[in-house]
Amino acid sequence: MEATKDLALALYRSMRRIREFELRLQQVYRSGVMPGFIHLYVGEEAVASGVCANLTREDYVTSTHRGHGHAIAKGVHMGECFAEIWGKTRGVNGGRGGSMHIYDPSCGFLGTNGIVGAGVPMASGAAMASLVKGSGQVAVSFFGDGAVNNCAFHEGINLAAALRLPAIFVCENNMYATETPFHRVTANTNVASRGAAYGLPGISVDGNDVLEIHKVAGEAIRRARAGDGPTLIECTTYRHLGHFEGDPGTGYRSKEEIAEWKLRDPIERLRNAVVASRLSDAQDLNAIDSEVDVEVEQAYQFAAASPEADAATVSQFVFA
Amino acid sequence: MEATKDLALALYRSMRRIREFELRLQQVYRSGVMPGFIHLYVGEEAVASGVCANLTREDYVTSTHRGHGHAIAKGVHMGECFAEIWGKTRGVNGGRGGSMHIYDPSCGFLGTNGIVGAGVPMASGAAMASLVKGSGQVAVSFFGDGAVNNCAFHEGINLAAALRLPAIFVCENNMYATETPFHRVTANTNVASRGAAYGLPGISVDGNDVLEIHKVAGEAIRRARAGDGPTLIECTTYRHLGHFEGDPGTGYRSKEEIAEWKLRDPIERLRNAVVASRLSDAQDLNAIDSEVDVEVEQAYQFAAASPEADAATVSQFVFA
Amino acid sequence: MSASAIETHQEIRELQYVDAGVEALQEEMRRDPTIFYIGQGIGKRGGNFKQTRGMWDEFGDLRVRDMPISELGQVGMGVGAAMAGARPVVDIVFLDMIMEAMGQIVEQAATIHYTSNGKIKVPLVVRAAMGAVRCAGPHHSRCFYSWFAHIPGLKVVLPSSSKDVKGLMKTAIRDDGPVMFIEHKFFYNKKGPVPSGDYLIPFGQANVCRKGKDVTILAMSLMVWHAMEAAAKLEQEGISVEVIDPRTIVPFDEQTLLESVHKTGRLLIVDEAQQFCGFSAEAAAIVASKGFDDLDAPIRRLTSLATPHPFNPVLETAMLPSPESIAAEVRRLVSA
Amino acid sequence: MSASAIETHQEIRELQYVDAGVEALQEEMRRDPTIFYIGQGIGKRGGNFKQTRGMWDEFGDLRVRDMPISELGQVGMGVGAAMAGARPVVDIVFLDMIMEAMGQIVEQAATIHYTSNGKIKVPLVVRAAMGAVRCAGPHHSRCFYSWFAHIPGLKVVLPSSSKDVKGLMKTAIRDDGPVMFIEHKFFYNKKGPVPSGDYLIPFGQANVCRKGKDVTILAMSLMVWHAMEAAAKLEQEGISVEVIDPRTIVPFDEQTLLESVHKTGRLLIVDEAQQFCGFSAEAAAIVASKGFDDLDAPIRRLTSLATPHPFNPVLETAMLPSPESIAAEVRRLVSA
Ligand SMILES: Cc1ncc(C[n+]2csc(CCOP(=O)(O)OP(=O)(O)O)c2C)c(N)n1
Ligand SMILES: Cc1ncc(C[n+]2csc(CCOP(=O)(O)OP(=O)(O)O)c2C)c(N)n1
Ligand SMILES: [Mg+2]
Ligand SMILES: [Mg+2]
């Protein structure tokens, strides 16, 4: 194994934090107290964790409807994130946004997003701001395979290439957009190959191999920071659960397919690799698991104890 | 020369008709009597003529702001076209549309268009209608290099590929969008290479070689009709004149560049090739020239003699 | 054609709003082979709201076709197909997602019949679901149909019952121009009586949902239901409310509204959409002008508050009109 | 801050509207290095309307950057850059071309400050030119600014003079939220007095362009000029017209309008935009409600006819309000 122990454990922790956070969310959601819809990221954690481990707190991320993982990996406070998704006042946005509208400028997190593709040109813009300010920040846009067929992907990436912006475009290709298989509505499903159309490198990565993602994204980010322009990275991965919480995710995906992908679970995979290569041991990993459990429980408690919103504030913040 | 005499002369006539039509338009426009703006196609005639010679009257074409050539080549009555651009009641659309809004369903001409890129998905739709009706028609979308950077290009072509629609996408790459060089705002200026991103064939053609265009487009159209899906064809060409009538076209393009491209004038080129290969002779060609001159003069007269619009009709046709 | 005349010949079933829409589509698609339907998740899946349940099985992939996430492309295709002799229905699912397709709707669909001097028809139905339901947040709740009404050439339909959705959908599909067919998510699983077989509800004919003499309420879509609930309550307080649902806002049935205001002298407009430059403004301006002498009190408007949709349920509730806030407005109006 | 107070300290020059805009931009960009400007043909070329003449030379490619034909991308970049601490100005050139960017404007720019609970500001200026000038046809003439006014979170600016364009542009750039800055093509080469140096015109403060006592005209953008011309004519006929230019319609200065109507009792609203669900409806609804007792006659609205823009000059003229048709409306209003 190439990676250092520190890195491997950090990535393990990052993924574990996302996973446990979401499973706790799921529990609470299923209990019926949480409003709205949530789209869980379970199975895809390697992407957010692998990419974001290369970023500074000042770097920017734009995210998607399936964005809890990006938020946590980029450094949004877990309790505030929990409370936000729950619509509580202690939420990072006072509960006004919810799952698809989580923003935290203190860590460069420019939002989950209810509009597929919308974050792509926004990341190009954040990267442009970095150039104008001379601040050296990079911007990462996460998006799904579904976004690739959308106009915002085209213009956002094309512009970034034309302007050589310090941006990284990370496609989380889980092969479905809601219940629609990517290949059913797309002639060319090789997303990385689309990079060439825009004149930027397109790279395919195993989206469940967090170390590989970390490496590839790291190189892209270094290139971006050095002024060598943007990169498109396609991470092939899979969501273990349904499109949204409540969708069993099975009507349109075979049991075999789901089972097969669960065997490639990115967290188990890293755990096994770490142990097998003796980079670390089960004890270290279990210790992390326990710490994460505590953190998640605290996040839940933080959110649960949040005061209710005051209807009188409804008209606040329409204008800046 | 591969082509038959009939084909060569037909293509010569088609280009000549467009050229002389536009030069007459230009004259009238310069005299100050014509409202609005016109974008002339002079220098690019080989594209419209070469492509449209493969189409039946029932096939569809969507066009651009620089669309007189497409209209004429597709079969819009020259006098009605002249009158339309002049805003006269005898115009094919009663003078309501003008240069950028010429429609003629009698020959499948689904419009010039003031919105860059808009015609691309519309052509996909016309192709879809052909499948639904089982009519065997194909649809051709003409668009400029500028449109390639636009979202409508992306979604229109991507959809056509996904649905294997009988559509042909013809990019008239004249290397400028208004005064902006394509390469200044685009990382990958090889338009044909973008076909791969969408999973459809992308072919580059010399846009001033009408015979070559005719051949390549013919193959693409046959493929489309046979159910083998869409094709992207990039025709590299040049506008001899400014972006619109009134723009000298020289501030942003060197004299040398313009002069060089004028040497490659598609009409002269075909004329010389025809004569050199003895497929036909100057006499035949001159006869066509004379016939075209007469036709253009008649078109002008037809338009000039048109009655003025009646203000009382202004609210007609808002709803179908 | 009067709706009641038709009903006597037909069986009346209780159908969900969503199924009434499907029935209209199926009947029309059987009648006319040039109709096809495109949208995301509307094929085998049968639609996010089950709004195309069974259609893919019956009509197959060519006529009921799943789309990638390309709203601009979908609507652009709809426009081109409509110009080329087909009758497309383009489903946007959540109305909010229509934004990138706005150019195709406004610059092309709405404009081409006029600009072509009537030579080209664009018989396109754009279908979408609007409305704030269960904390969907700012990207899945908006009601901006007034935008479409602001653009000459577009018809705008807002069905508020199972019966209307079927009759209006058929009219929309047979219309030779572009129609924005905007349902409310809240309605989909609500049942109501629906005649079997073929009937059309003409555009531009308001439905007087309830007769009354003290106050007129003009309400659209879900607000019709809220207004009816408020009216029932107010009746017990001795206030007689007339509730008018225009059903289509383009064309708009001014006459029915003006006659009602002539009778009541008092008008409340209730709209889930934004107030500023919305249809509530237009209706108020029309009545204030053409019914100037009939008004015994200033027209009142009750709409969503001027904010994006907050996710938090307390805030969302505060933002939206409700039967209670409608009743309160009516009370204010009668005491004015 | 009163504008006249400032003027006394400053030199007044006659500047073209377009140059007054450039002056504002240049002064602001010198002051604040985080401002940058993107759009098509706005670099070396200096803009289709010369609306950025000299700026590329001064500020270079990084801060004055030509764009490909990617309006969605441009505005999306503007939103992202604004969120990331820059102050972008995104030039759409012809307003008509903004359609594909509508999602970025509505769902992102207008919404994020609210939804983020005030944590993220989006100091974005979207600049565009509207209006029917010289038969530009349906794709280069529209005035649909009411759409933006319908969306909470957007400010909407409609400058009608050289002086206003400079003072309002500066206010727009310094505003911490998204501003739709919509000029009229007709104005660009028109001259007017402009103070040198720094001055701001606050949003939400109407300009009473002309005092009068018989009739109030509320007019926006080019219609202000037409209204002034009509008012001059009507004065000779003994009709005294007050002309009010709101300058920004969001925020809207209701007070100035209501006070004027209180005085005159008669209101004509003149708008080049479409009438149905447009700002003319909103202004009428506001006055009909809050100025109910002040109105001596029904409010009249004069707008463009409800058609797409015809190319033909006779038809285009018939579609648009003019000084003559405004004067005729006023005559009707005073005789009502
Ligand atoms: C522009 C737009 N169209 C449609 C939707 C509805 N929608 C929400 S999520 C989704 C599927 C997204 O698929 P993908 O991008 O692959 O992300 P995944 O859910 O697989 O992570 C769709 C269609 C939307 N949110 N935005
Ligand atoms: C969506 C859109 N944005 C901007 C414009 C303004 N515009 C008109 S023509 C043109 C340049 C088009 O360039 P290209 O597509 O290469 O066609 P060409 O003029 O070279 O034939 C531009 C930017 C427009 N018409 N539509
Ligand atoms: Mg996916
Ligand atoms: Mg070009």
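For the structure itself, consult the block above.
These notes cover the structure that comes with them.

### Notes on the relation of the copies chain D and chain C
Rotating chain D by 180° about the axis while translating it 0.0 Å along that axis superimposes it on chain C, leaving an RMSD of 0.0 Å. Within this description, the copies of the chain are treated as partners about a two-fold rotation axis. Taken together, the interface assignments show that 100% of the residues at the interface of chain D recur at the interface of chain C, consistent with an identical surface on both copies.

### Details of the interface of chain D and chain C
Interfaces are often described in size by the accessible area the parts lose on coming together. Counting from both sides, the interface comprises 52 residues of chain D and, opposite them, 53 residues of chain C. Counting each side, the surface lost to burial between chain D and chain C is near 4,500 Å², with a carbon and sulfur contribution of 67%. At the junction of chain D and chain C, the tally comes to four salt bridges. Counting across the chain D and chain C interface gives 13 residue pairs in polar contact (both at pLDDT 80 or more). Those elements giving two or more residues to the side of chain D that touches chain C turn out to be α5 (102–109), α6 (112–115), α7 (145–149), β12 (248–250) and α11 (279–290) of chain D. With eight residues, the single largest contributor to the side of chain D that touches chain C is α11 of chain D. Partitioning the side of chain D that touches chain C into residue classes produces 32 nonpolar, 13 polar and seven charged.

### Here's the deal with the coordination of the magnesium ion (ligand 3)
Residue and element names in this part refer to chain A. The magnesium ion (ligand 3) binds to the protein through D145 (OD), N174 (OD1) and Y176 (O); the donor distances cover 2.0 to 2.1 Å. Each donor residue of the magnesium ion (ligand 3) belongs to the same chain, and together they define the spacing D-x28-N-x1-Y. Here N174 falls in the buried class, since its relative accessible area comes to 6%. On the basis of relative accessible area, Y176 is assigned to the buried category, the value being 9%.

### Quick word on the site of ligand 2
With respect to spatial proximity, 18 residues lie near ligand 2, and among them H65, R66, G114 and N174 of chain B together with E71 of chain D are the closest. Bordering ligand 2 are residues originating from chains B and D. Protein burial of ligand 2: of its 580 Å² of free accessible surface, 93% is covered by the chains. Elements with a minimum of two residues in the shell around ligand 2: α6 (145–148) and β4 (176–177) of chain B. The element best represented in the shell around ligand 2 is α6 of chain B, accounting for three residues. Of the residues assigned to the shell around ligand 2, the class counts are seven nonpolar, eight polar and three charged.

### Some details on the packing of aromatic side chains
Going through the model one piece at a time under the given rule, you end up with 41 aromatic pairs over all chains. Arranged with centres 5.6 Å apart and planes meeting at 65°, the rings of F143 of chain A and F153 of chain A form a pair that is edge-to-face. You can see F143 of chain A sitting in strand β2 (residues 139–144) and its partner F153 of chain A sitting in helix α7 (residues 151–162), a full ten residues away along the chain. A relative accessible area of 0% means that F153 of chain A is categorised as buried. Residues F186 of chain D and W225 of chain D carry aromatic rings whose centres are separated by 6.0 Å and whose planes lie at 85° to one another, so their mutual orientation is edge-to-face. On the criterion of sequence distance, the pair formed by F186 of chain D in the loop between β7 (179–184) and β8 (191–195) and W225 of chain D in helix α9 (residues 222–236) is long-range, its members being 39 residues apart. F186 of chain D sits in the partly exposed class, given a relative accessible area of 27%. Aromatic rings pair up to connect Y17, F49, F94, F186, F187, Y188 and W225 of chain C into one cluster. Sitting above the plane of the F302 of chain B ring, R90 of chain B keeps its charged end 4.8 Å from the centroid.

### Observations regarding the interface of chain B and chain C
Contact with chain B, which involves 38 residues of that partner, is made by 43 residues of chain C. Our enumeration of links across chain B and chain C arrives at zero salt bridges. Here chain B and chain C share twelve residue pairs in polar contact (both at pLDDT 80 or more) between them. Among the elements that line the side of chain B that touches chain C, the one with the most residues is helix α5 (residues 119–133) of chain B, at ten residues. Residue classes in the side of chain B that touches chain C are distributed as 26 nonpolar, eight polar and four charged.

### A closer look at the coordination of the magnesium ion (ligand 4)
Six octahedral donors around a metal ideally sit at 90 or 180 degrees from one another, while four tetrahedral donors ideally sit at 109.5 degrees. Residues and elements named next belong to chain B. Every protein donor of the magnesium ion (ligand 4) is listed here as D145 (OD), N174 (OD1) and Y176 (O), and their distances to the metal cover 2.0 to 2.1 Å. Between consecutive donors of the magnesium ion (ligand 4), the numbers of intervening residues give the motif D-x28-N-x1-Y. In this pair, D145 sits in helix α6 while N174 sits in the loop between β3 (167–173) and β4, placing the two residues 29 residues apart along the sequence. Relative accessible area serves as the criterion here: at 1%, D145 is assigned to the buried category.

### Here's the deal with helix α9 (residues 210–225) of chain B
Residues spaced three or four apart along an α-helix face the same direction, because each turn holds 3.6 residues. All names here are of chain B. Here α9 contains 16 residues, and its C-alpha end-to-end distance of 22 Å stays within 8% of the 22 Å for a straight helix at 1.5 Å per residue. Inspection of α9 places V210, L211, I213, H214, V216, A217, G218, A220, I221 and A224 among the buried residues, and these make up the whole buried set. For α9, the secondary structure elements touched by its buried residues are α1 (5–30), α2 (45–52), β3, β6 (202–206), β7 (231–236) and α11 (266–276). The positive-phi residue at the C-terminal boundary of α9 is G227, with phi of around 90°.

### With respect to the side chain of S160 of chain C
Residues and elements named next belong to chain C. Examined against the element boundaries, S160 turns out to sit in the loop between β6 (155–157) and α8 (162–174). According to the relative accessible area criterion, S160 is buried, its value standing at 5%. For S160, the side chain forms a polar contact with the side chain of D245, separated by 2.7 Å. Sequence-distant contacts of S160, defined by excluding residues within four places in its chain, comprise Y17, F187, S221, V224, W225 and D245.

### A closer look at the sheet that holds β3 of chain B
Residues and elements named next belong to chain B. Strand order in this open sheet of five strands is β1-β2-β3-β7-β6, and the pairing throughout is parallel. Unpaired on one side and paired on the other, β1 (60–62) and β6 mark the two borders of the sheet. The sheet shows a mean angle of 20° between the axes of neighbouring strands, taken without regard to direction. Two strands pair when backbone bridges link them, and β3 and β7 are joined in this way by six bridges, in the parallel orientation. Bridging across to β7, I168 finds its partner in T231. Where α5 meets the sheet, its contacts fall on β1, β2 (139–144) and β3, and the angle it forms with β2 comes to roughly 175°.

What counts and how
- Residue numbers here run from 1 along each chain, matching the order of that chain's written sequence.
- Chain A is the first chain written and ligand 1 is the first ligand written, with later ones labelled in order.
- Residues qualify for local features only when their pLDDT is at least 70, as the model is predicted, and side-chain atom pairs are given and counted only at 80 or more; totals for whole chains, interfaces and linings, by contrast, use all residues.
- Neither water nor hydrogens contribute to the side-chain values; these are computed over all heavy atoms in the structure.
- The copies were overlaid with a least-squares fit restricted to C-alpha atoms from residues scoring a pLDDT of at least 70 in each copy.
- Working rule for contacts: check all heavy atoms of both residues, and any pair within 4.5 Å makes them a contact.
- By convention, the term buried area covers the 1.4 Å-probe accessible surface removed from two parts as they join, with the contributions of both added.
- Whenever a carboxyl oxygen of Asp or Glu lies within 4 Å of a side-chain nitrogen of Lys or Arg, that contact is scored as a salt bridge.
- Nitrogen and oxygen atoms within 3.5 Å of one another constitute a polar contact, given that in protein one can donate a hydrogen and the other can accept it, and given that sequence-neighbouring residues count only through two side-chain atoms.
- Secondary structure follows DSSP: runs of H or I at least 4 residues long count as helices, runs of E at least 2 residues long count as strands, and numbering of each begins at the N terminus.
- Polar here means any residue other than Ala, Val, Leu, Ile, Met, Phe, Trp, Tyr, Cys and Pro, which are nonpolar, and Asp, Glu, Lys and Arg, which are charged; Gly is therefore polar.
- Distances define the donors: N, O and S atoms within 2.8 Å of the metal qualify, as do those within 3.2 Å of Na, K or Ca. Water is excluded, so some sites may look unfinished.
- For every residue, the accessible area (1.4 Å probe, protein chains only) is compared with the maximum for its type, and the residue is labelled buried under 20%, exposed over 50%, or partly exposed between those bounds.
- Proximity is defined per residue: any heavy atom of the residue falling within 4 Å of a molecule or strand makes that residue near it.
- In short, Shrake-Rupley with a 1.4 Å probe defines the accessible areas, and a residue's cover is counted only from the protein chains shown.
- Side-chain rings of Phe, Tyr and Trp (the six-membered ring for Trp) are treated as a pair once their centres are within 6.5 Å; stacked means planes under 30 degrees apart, edge-to-face means over 60, and tilted covers the remaining angles.
- Charges are assigned to positions over rings by a cutoff of 6 Å between ring centre and Lys NZ or Arg CZ, combined with an angular limit of 35 degrees from the ring normal.
- Multiplying one less than the number of residues by 1.5 Å gives the expected span of a helix.
- Being paired, for any two strands, means DSSP has found at least two bridges between them.
- Orientation is described by axes fitted as lines to C-alpha atoms, over the contacting stretch for helices, and by angles from 0 to 180 degrees between their N-to-C directions.

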